[in-house]
Amino acid sequence: MTRPEVSLESVANSMWDVVVIGAGPAGAVAARQVALRGARVLLVDKKSFPRPKVCGACLNGAALQVLEAIGLGGLPTRLGGVPLDGVRIGIAGRLQELSLPRGVAVSRSRLDEALAAAAVDAGAIFLCEARASIAEPTADARRVRLSRRDGETMVSARVVLAASGLGGIGPTDGLTMRTSVEKRSRVGAGCAIVDFPSFYRPRTIFMAVGEGGYVGLVQVEDGGLNVAAAFERRFLRRCGGPAVAASRVLSTSGLPAVPALGEAEWRGTVALMRTTRPVAADRVFLIGDATGYVEPFTGEGMAWALMSARAVEDLTLQAVGCWNPALARSWATAHHRLLAARLRTCRAATLLLRRPRLASAAFEAASRLPGLTGWIIDHLNAAQALKLRVEI
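Residues numbered from 1 in each chain as written. Predicted model: local features only at pLDDT ≥ 70, side-chain atom pairs only at ≥ 80, totals over all residues. Heavy atoms only, no water.

A. View of the packing of aromatic side chains. Using the criterion set out here, one finds seven aromatic pairs in the structure. Both rings, one in F49 and one in F126, keep their centres 5.3 Å apart while their planes meet at 90 degrees; by these two values the pair is edge-to-face. On the criterion of sequence distance, the pair formed by F49 in the loop between β2 (41–44) and β3 (58–60) and F126 in strand β8 (residues 125–127) is long-range, its members being 77 residues apart. Comparing F49 with F126 shows no difference in burial state: the two are buried. Their ring planes at 45 degrees and their centres at 5.9 Å tell us that F285 and W323 sit as a pair that is tilted. With a gap of 38 residues between them, F285 in strand β20 (residues 284–286) and W323 in the loop between α9 (313–321) and α10 (326–353) connect regions that are remote in the sequence. With a relative accessible area of 16%, W323 lands in the buried category. The structure contains a cluster of three or more aromatic residues connected by ring pairs, namely F199, Y200 and F206. (Phe/Tyr/Trp six-rings, centres within 6.5 Å; stacked < 30°, edge-to-face > 60°. Helix = DSSP H or I, 4+ residues; strand = E, 2+ residues; numbered from the N terminus. Buried < 20%, exposed > 50% of the residue type's maximum accessible area, 1.4 Å probe, protein only.)

Here you go:
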């Protein structure tokens, strides 16, 4: 990504309209949108870009609608994204097929880099390889501590957007936000491979479901296979690692084995099913995965991140102009309206897929009711209420 080098000293002790913590899709899009509307924005991420990322690499219909709404509809195509039109699921040795209304597969390293570049093009300043923690409030701002290998400094922001992902918002001063992790939550793992059976054709999301978890596989823009999985923690320990766990799930699902899984470089995540409450506080709004997460399947997580980034735009600008405690309550209400039903749908699917034989029977029954499965898929792929009316 071509961008000017930004030093810690160049941003030190400055007042920013908005500091965005986390340059994933939620953070980068939020930074871009408020920068386009004249805000002075600092976008911070602890990693260097481009970065490898454990993710399913899928943009579903809802995610694509958000990108179109903000003028980035052509971005997935420019990145070489592979169109998606179907899902093939292997459960208990039986294969089920579903149609997707639309979707694109693109690697997260390329997508995240491009979205961060779009934020920079809009006027945001991007500081990478810096850890950010939310510090104490002042009379008219919120302090943010930035640390790098070469030092530490403080900046101030009229409002902070925390888009720091599954890791949560980290250390804070004076905030009561708490993240709870569900006891049976699975952990994520992923890798990319270049040598795989031709069965795993382009344009299709493949999903293997087993007793210990599930494995998603999809071809991305470079012709490689992106693998993203969610495993029960005990199953993962029993298998001795994600490569063996993924192979065992594939073997019982009915999908072909992928021998290269054993040679791949796997990356893991923290527990996936988590909730952070409240999602807003004094001059702080949480967006994207920082608000919580439920195991997604066909790009829903990316859509939730992009939708929340788009929806928080007007509230952020109101907060920059004049902070009102009612803004925090408004974001909590808006966020619930935007995503609660979608999260419930994915949660129900997650619980069903933990019982592969029951899930296989359910899919068999659903195949006789195409209207029902069509409604569920349309529900998850629609991006209604992107900009919410907020009354204070």
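That covers the picture; the talk isn't over yet.
B. Inspection of the environment of L127 at higher detail. Within the secondary structure layout, L127 lies in strand β8. Among the residues examined, L127 registers a relative accessible area of 0% and is labelled buried. Taking the C-alpha atoms as reference, L127 lies 35 Å from L261; in sequence the two are 134 residues apart. Aside from chain neighbours lying at most four places away, what touches L127 is V6, S7, L8, V11, L42, L43, V44, D45, L146 and R148. (Contact = heavy atoms within 4.5 Å.)

C. Spatial organisation of the confidence of the model for the protein. Chain-level pLDDT for the protein is 90 on average; 91% of the residues reach the 70-or-more range. Within the model, pLDDT remains below 50 along residues 385–390, and this stretch shows 17 contacts once partners closer than five positions in the same chain are excluded. (pLDDT = per-residue confidence, 0-100.)

D. Looking closely at the pattern of salt bridges. In this structure the tally under the stated criterion is 18 salt bridges. Between E152 and R145 there is a salt bridge, with its nearest N and O atoms 3.8 Å apart. Owing to a relative accessible area of 54%, E152 belongs among the exposed residues under this scheme. Among the residues examined, R145 registers a relative accessible area of 26% and is labelled partly exposed. In this structure, E295 engages R186 in a salt bridge whose closest nitrogen and oxygen atoms are separated by 3.6 Å. On the criterion of sequence distance, the pair formed by E295 in the loop between β21 (292–293) and α8 (300–311) and R186 in the loop between β12 (178–181) and β13 (187–193) is long-range, its members being 109 residues apart. Of the residues examined, R186 reaches a relative accessible area of 1% and is grouped as buried. Three or more residues joined by partner-sharing salt bridges are found here, namely R37, R310, E313 and D314. (Salt bridge = Lys/Arg side-chain N within 4 Å of Asp/Glu carboxyl O.)

E. View of α9. For α9, the set of buried residues is E313, L315, T316, A319 and V320. Down the axis of α9, the smallest arc covering the buried residues is 165 degrees, so these residues share one side. Among the structural elements, β1 (15–21), α2 (25–36), β11 (151–162), β20, α8 and α10 are those in contact with the buried residues of α9. (Arc of directions from axis to C-beta.)

F. Quick look at the packing of α2 against helix α5 (residues 108–121). Where α2 meets α5, the closest approach of the two axes is 8 Å, and the angle between their N-to-C directions is 20 degrees. Comparing their axes, α5 and α2 come out roughly parallel. For the crossing formed where α2 meets α5, the hand is left-handed. Along its contact with α2, which presents P25, A28, V29, A31 and R32, the element α5 presents R108, D112, L115, A116, A118 and A119. Looking at the contact of α2 with α5 residue by residue, the class counts come to eight nonpolar, no polar and three charged. (Axes fitted to C-alpha atoms, helices over the stretch in contact; angles between N-to-C directions. Parallel < 35°, antiparallel > 145°, perpendicular 65-115°, else oblique. Left-handed = near helix turned anticlockwise from the far one by under 90°. Nonpolar A, V, L, I, M, F, W, Y, C, P; charged D, E, K, R; others polar.)

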